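So you can see what is in the structure, the chains are spelled out below.
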Amino acid sequence: MPPAQDNKATGTPATASSGQNRLRLPAHQESLPRLRELALAWAHQAGLPNDVEPRVDLVLEEMLMNIFHYAYPSELGDVELALLSPGQGDSPGRLSLTLTDWGVPFDPLAPEDPGLEAGLEANLDADLDDRALGGMGLFLLRTLAKASYARLGDANVLTLAFGA
Amino acid sequence: MECKGSKQGAFFVLEVSGRMDALTSQGFETECMNCLEAGDTRVVADLGGLEYISSAGLRSILSAAKKLKAGGGDLAFCGLSGIVAEVFTVSGFAKLLPVYATREEALARS
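Residues numbered from 1 in each chain as written. Chains lettered and ligands numbered in written order. Predicted model: local features only at pLDDT ≥ 70, side-chain atom pairs only at ≥ 80, totals over all residues. Heavy atoms only, no water.

1. Here's the deal with the environment of Val87(B)
Consideration 1: Tracing the chain through its elements places Val87(B) in helix H3 (residues 82-91).
Consideration 2: If we skip the residues at most four places from it in the chain, Val87(B) touches Leu58(A), Leu140(A), Ile53(B) and Leu58(B). (Helix = DSSP H or I, 4+ residues; strand = E, 2+ residues; numbered from the N terminus. Contact = heavy atoms within 4.5 Å.)

2. Some points on the sheet that holds strand E5 (residues 99-100) of chain B
All names here are of chain B.
Consideration 1: The 5 strands are arranged E1-E2-E3-E4-E5 in an open sheet whose pairing can be described as mixed. Sheet topology places strand E1 (2-8) and E5 at the edges, where each strand pairs with a single neighbour.
Consideration 2: Direction of pairing for strand E2 (residues 11-20) relative to strand E3 (residues 42-53): parallel, over a ladder of 8 bridges. The residue bridging Leu-14 from the neighbouring strand is Ala-45, located in E3.
Consideration 3: In this fold helix H1 (residues 26-37) packs onto E1, E2, E3 and strand E4 (74-78), with an angle of close to 170 degrees to the strand it touches most, E2. (Pairing = 2+ DSSP bridges. Axes fitted to C-alpha atoms, helices over the stretch in contact; angles between N-to-C directions.)

3. So, the pattern of salt bridges
Residue and element names in this part refer to chain B.
Consideration 1: As enumerated under the stated definition, the model contains 13 salt bridges over all chains in all.
Consideration 2: Taking the shortest distance from any N to any O, the salt bridge between Glu-15 and Arg-103 comes out at 3.0 Å. Of the two residues, Glu-15 sits in strand E2 while Arg-103 sits in helix H5 (residues 103-108), which places them 88 residues apart along the sequence.
Consideration 3: Here Lys-67 makes a salt bridge to Glu-29, at a shortest N to O gap of 2.6 Å. Here Lys-67, found in helix H2 (residues 55-70), pairs with Glu-29, found in helix H1; they are 38 residues apart in sequence, far enough to count as distant. (Salt bridge = Lys/Arg side-chain N within 4 Å of Asp/Glu carboxyl O.)

Scope: geometric values only; no functional claims are made or implied.
In structure tokens, the structure reads:
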């Protein structure tokens, strides 16, 4: 089977049983199930350990909800999920993917306000009455995935790695 | 996500199953508020059938726990496993809220 055209353009090798290695959809909640389904198919193919696969599910939801809510305050834009690895020849047991949006610049790994970071850590020890509700999604990102962020042109590109 | 409720002694047990995510988690808080309105302020959430929880689920739980506490009751948990147990641990919820290994232990507390 010949590779899809976008595979050629990006140089990303197609995986054996899933012809699709990227998916671009409108950045709203209705897109969540399809993006999730694809990411979990990749996770399954990559042979991630059983306890790691749900982390992919979780971190993807957290980051997508963040994009849905904050990336496009005025006009609706897109979000793209893309597979980085495993490609052909990669060792099994790990998965790398990217999430790209073309919205407001936002680095989920480096809050601009240092007080926010400190607040988040303190928040974990706060008791029930004091505990604020926000910030947990970003904390889960940092705890459960190896993540890196880049602003490339007008795009936010978040790379997420799971597994060994 | 599904919630099945039953009265067990002084407690109201909610058996939660499925996924507690951004699309479904509000239902948990609603169930707890129904308990509160019915006068069942001490709730035990048995998460044995819960496969998945995200921060949206944690928000729903925290909000429900605060409201039950304000109503003179509390919210305890049992049966956590897999990613649910992991998320409770890394988020600090396992220390913040009463968590028991089994439902029997959750029902045996005073």
